[in-house]
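Take a look at the letters that make up each chain.
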Amino acid sequence: MASVLEKTIRGAVTASVGKISELSRKRLPGDTAFMRGIHTPMAEELTLHDLSVTGTIPPELDGRYVRIGPNPRHGDAKGHHWFVGDGMVHGVKLKGGKAEWYRNRYIRSNALAAETGLKAAPGPRRGVSDTVNTNVVGMAGKTLAMVEAGSYPAILSDELETVAYSDFGGGLAGSFTAHPHEDPLTGEFHAICYDAQKPHRIAHVALDRNGKVLRELPIAVEHGPSIHDCSITRNFVIILDLPVTFSMKALIAGYKFPYRWNREHTARVGLLRRDGDATDVTWHAVDPAYVFHIANSFEDKDGRVIVDFCAYETMFDGDMDGPFGKPLGLERWTIDPAGDRVVRTTLDNAPQEFPRPDERFFGQPYRFAWSTGLPDATSAEFFAAAPLIRHDLAAGTRTTRSFGPDAVPGEFVFVPRSADAPEGDGWLMGYVIDRASETTDLAILDAATLEDVARVHIPHIVPPGFHGNWIAAL
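Just so it is clear, the structure is predicted and the values come from calculations on it, not from any experiment. (Residues numbered from 1 in each chain as written. Predicted model: local features only at pLDDT ≥ 70, side-chain atom pairs only at ≥ 80, totals over all residues. Heavy atoms only, no water.)

Considering the nonpolar core
- In terms of nonpolar packing, the biggest core is built from 58 residues, with Ile202, Leu240, Leu242, Val269, Trp333 and Phe382 touching the most fellow members.
- In contact with Trp333, other than residues within four places in its own chain, are Leu242, Val269, Val286, Ala289, Val291, Val305, Ile306, Val307, Phe309, Val342, Val343 and Arg344.
- Core analysis: the second largest hydrophobic core is formed by 24 residues, Leu51, Leu112, Trp427 and Met429 among them. (Core = buried A, V, L, I, M, F, W, Y, C linked by side-chain atoms within 4.5 Å. Buried < 20%, exposed > 50% of the residue type's maximum accessible area, 1.4 Å probe, protein only. Contact = heavy atoms within 4.5 Å.)

Pasting the structure below:
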């Protein structure tokens, strides 16, 4: 239960709280590992042609690999957290077996315009921040940059310039998410969205294949939970209401990311029927844990909901500048819609993150998932030399690939060889930093063996970001 003081502060004028936070921030340190080393923000927007390539780029690959992350070169470093900062997109265009260009571009927010004088993109805004820095998704024929808990998405051109902000034609009233999930069987997109300014509600947002909002269903919660990801099955939307919640104490102390581990918050998983009302949600207790990213989910032959993801024992348990907590590896949670507690099973206890499936099988029974290893010991940069992991969940086996002692891989995404290729038949694609040479490769790997197919060489460090996707040419 929130203290009387916290309840009183929540009722105060937002501007007053902001002023208190700004004053407190001046007393915080400004040095953080997420603004130096491999995380050093890029100073320029570049367009590079004639990129060097090792190996052979598959001619079937016609499109752009695009990833986004913060590039906090401007503004006050005090109270910084890796999850905040002006968004910057990094992309490589592939066509005809060649790498045509590399580009990096800021998301043209009002916040960036105020800091730099660069012209902000047009389009509707909401909330106190229009910074977008977490994911890039192809949706309804558009390239959308996204963030959770605040801003509307930003539409990007094929050359990664910010065209406009979008509320999906006026259909979206509240916040959106960084992780909308497409149902490949229906073309619908589903998301669970939260907003720090509305701590007592979240929303299920569904869109059709053309990007039209079908519904924005409010669901009651407590404490303002941070719900980074969600998932779907044939019948359900899965809600992860876990013990990382909005912290007024952290906000008033000046921290830019005001979410903390909350021992008073009950950990639970909600099952919402995809066509149901908020009153239809069934809640299932689970031992305290936190989850950023889901690999996949499905319903088994007995109608139970199965969810696979990378879990943590705790997350943000104290004031810290990154996503630090004890990783528990890849877990499977089983939820009986008619039952009570969630049953947890460890599939692989190796520290890992950014699990990705063959998206053509999302929400359905599946076999393969790929994830990026994390260092055994906590790294101040979060990333370190760690292997890429391929999980064969049918065989119960794993294959690993190390990139070397100076190499730092990020998230890898799966790209099918063709629309009707068997599950797992295709390539993996992601950025790998070489600390020694201070360069980055776009690595294209065989998804089955994890061996190199091609490397596109970028002559600088692309700072570790969050999420991206292969966006095929239309």
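A word on the pairing of strand 30 (residues 426-434)
- The buried fraction of strand 30 is high, at eight of nine residues.
- Sheet topology note: the strand 28 (residues 407-409)/strand 30 ladder contains three bridges and is antiparallel. Counterpart to Ala407 in the pairing with strand 30 is Asp434.
- Of the pairings in the sheet, the one linking strand 29 (residues 413-416) to strand 30 comprises four bridges and is antiparallel in character. Of the residues in strand 30, the one forming a bridge with Val413 is Met429.
- In textbook terms, the turn of a hairpin is the stretch between consecutive antiparallel strands, and for strand 30 and strand 31 (residues 439-446) this stretch comprises four residues, one of which, Glu438, has a positive phi near 55 degrees. (Helix = DSSP H or I, 4+ residues; strand = E, 2+ residues; numbered from the N terminus. Pairing = 2+ DSSP bridges.)

Some words on the pattern of salt bridges
- Inspection of the entire model under this criterion finds 30 salt bridges.
- Linking Asp195 and Arg126 is a salt bridge whose minimum nitrogen-to-oxygen distance equals 2.7 Å. Taken together, the positions of Asp195 in the loop between strand 11 (189-194) and strand 12 (201-207) and Arg126 in the loop between helix 3 (110-116) and strand 6 (135-139) put the pair 69 residues apart, joining distant regions of the chain.
- The exposure class assigned to Arg126 is buried, which follows from its relative accessible area of 13%.
- We note a salt bridge from Glu331 to Arg344, for which the minimum N-O separation is 3.0 Å. Taken together, the residues Glu331 in strand 22 (residues 327-335) and Arg344 in strand 23 (residues 343-348) connect sequence positions 13 residues apart.
- Bridged by salt links that share partners, the residues Arg401, Asp441, Asp452 and Arg455 form one connected network. (Salt bridge = Lys/Arg side-chain N within 4 Å of Asp/Glu carboxyl O.)

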